[in-house]
Each structure stands twice: as C-alpha cells, then as structure tokens.
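# Coordinate inspection notes
Each chain, letter by letter, is given below.
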Amino acid sequence: MTKPEIIFIIGGPGVGKGSICGYLKSDYPKIISAFSTGDILRTIVKEKKIEGWDILEEDMKKGKLISSERVLFYLKEAILSCNNKVILVDGYPRNFENLELWDKTMKNIVEIKAVFFFDGTHDIMMKRIHKRKDGREDDKNDDIIKKRIEVFEKETKPLIDIFKKRG
C-alpha cells in the first residue's frame, strides 16, 4: 500500500489557506482530503469530549500556540483515519519544532509531495480575518490577530527556506 501524500498549505492568518483547501476538497472529494490543525483543535473544544479541552480553549482564546506534540497527535489521528491518497494539511507545520517532530514521527507513515505558500500583507490579513463568517473566537480581538501575524512572520515563514532546500 502506498503512503498518503501530504501537501502542506502554509501562509499567514487570513490569506485563504482554508478557502483553497475547501475548493480543492470539494472539486476532488474521492482523491483529496483536507485537515486544518485549527479546525481540529476548535472541534475538540466545541465537542468537549477529550480531556483537557478547557485548557486548550483558554490557550486558544489567548492566541497561544498549542504544544507540537499535542497538535501532531490530533493531526496524525485525522490523517490515519482518512482513506484518500492526497491530504492537504492547512496550518502545519507552524515552526521548526513542529517540522522536526513531524519528520521524526511521520517520515515512515506519509510522503510530503509539495508545500504551497500563500503570502499577504499584514493589512490584507487583518481585513480578511475581519470579513470571515465563521465567527472564530480568536478572530475577534485585534491584539490577538496581530500576535498571530507576528508569530507567523517570526516562526512559520522561515520554514519556506527549509522546504526550498529540500526541493
């Protein structure tokens, strides 16, 4: 059996990663699945079924990054439960620690086929986030949005150079 093929979708908050994943998933439902780490975490909080959901909720409201181990655990479960060959991963990896843990944990389970990077100015990200219709808690506070953009610039954007070197 062939390994699932992973396509990382990386970009700042509000640049349209989720929208692109949604379009591709709906156009090719028998081939492509898409997972957003943010959506996975928000579902855990909403359903309140997994121990620690309340701590997760508080951290998300404050704009804190969730531990790499915790996010990868949930993401790995989603990937392993999926039957499609191509899996879009929206919002992961977010930093070097995420990528190192991914490489260590997932290298024999999946194959990274591509990385799509979506960029936008801070102004565009702020405007798009304010226009979102899904009413996410972490989108209601400008200070938290600005913090998320800063974290993206500092921790996620440098990963692009690593992926370029990997080809």
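Notes on the structure follow. (Residues numbered from 1 in each chain as written. Predicted model: local features only at pLDDT ≥ 70, side-chain atom pairs only at ≥ 80, totals over all residues. Heavy atoms only, no water.)

Looking now at the overall build of the protein. A count of helices and strands for the protein gives eight helices and four strands. In sequence order, the secondary structure elements of the protein are arranged as β-α-β-α-α-α-β-α-β-α-α-α. The C-alpha atoms of the protein give a radius of gyration of 15 Å, which matches the 15 Å a tight globule of 167 residues would have. Taken over the C-alpha atoms alone, the protein extends approximately 45 × 35 × 30 Å along its principal axes. (Helix = DSSP H or I, 4+ residues; strand = E, 2+ residues; numbered from the N terminus. Rg over C-alpha atoms; globule rule 2.2 N^0.38 Å.)

Where helix 5 (residues 96-106) is concerned, the buried positions are Asn98, Leu99, Leu101, Trp102 and Met106. In an axial view of helix 5, the angular spread of the buried residues amounts to 165 degrees, which keeps them on one side of the axis. Projecting away from the buried face of helix 5 at angles above 90 degrees are the exposed residues Glu100 and Lys104. In this structure, the buried side of helix 5 is in contact with strand 1 (5-11), helix 4 (68-80), strand 4 (111-118) and helix 8 (159-166). Sitting at the head of helix 5, Asn95 places a side-chain oxygen 3.2 Å from the backbone nitrogen of Glu97. (Buried < 20%, exposed > 50% of the residue type's maximum accessible area, 1.4 Å probe, protein only. Arc of directions from axis to C-beta. Contact = heavy atoms within 4.5 Å. Polar contact = N/O pair within 3.5 Å; in protein donor to acceptor, adjacent residues only side chain to side chain.)

A few words on the packing of aromatic side chains. Ring pairs (aromatic) are described by centroid distance and by the angle formed between their planes. Under the definition given, this model contains five aromatic pairs. Residues Tyr92 and Trp102 carry aromatic rings whose centres are separated by 6.0 Å and whose planes lie at 50 degrees to one another, so their mutual orientation is tilted. Taken together, the residues Tyr92 in the loop between strand 3 (86-90) and helix 5 and Trp102 in helix 5 connect sequence positions ten residues apart. Three or more aromatic residues joined by ring pairs make a cluster, and in this case those are Phe8, Tyr92, Trp102 and Phe163. (Phe/Tyr/Trp six-rings, centres within 6.5 Å; stacked < 30°, edge-to-face > 60°.)

Its volume calculated, the largest pocket comes out at about 1100 Å³. Mapped onto the lining of the largest pocket, the elements with two or more residues apiece are strand 1, helix 1 (17-27), strand 2 (32-36), helix 2 (37-47), helix 6 (122-131) and helix 7 (142-156). Looking at the lining of the largest pocket element by element, the count peaks at six residues for helix 1. Looking at the lining of the largest pocket residue by residue, the class counts come to 16 nonpolar, 15 polar and 16 charged. (1 Å grid on protein atoms, 1.4 Å probe; cavity = no way out; pocket = protein on both sides within 12 Å on 5 of 7 lines; lining within 4 Å. Points joined across faces, edges and corners; volume = space filled by probe spheres on them. Nonpolar A, V, L, I, M, F, W, Y, C, P; charged D, E, K, R; others polar.)

This part is about the nonpolar core. One finds Leu75, Ile79 and Trp102 to be the most contacted residues of the largest nonpolar core, which totals 30 residues. At the level of secondary structure, the elements contributing two or more residues to this core comprise strand 1, helix 2, helix 3 (53-61), helix 4, strand 3, helix 5 and helix 8. Looking at this core element by element, the count peaks at six residues for helix 4. In this structure Trp102 touches Ile6, Phe8, Leu72, Leu75, Ile79, Tyr92, Lys107, Val110 and Ile112, once residues within four positions along its chain are discounted. (Core = buried A, V, L, I, M, F, W, Y, C linked by side-chain atoms within 4.5 Å.)

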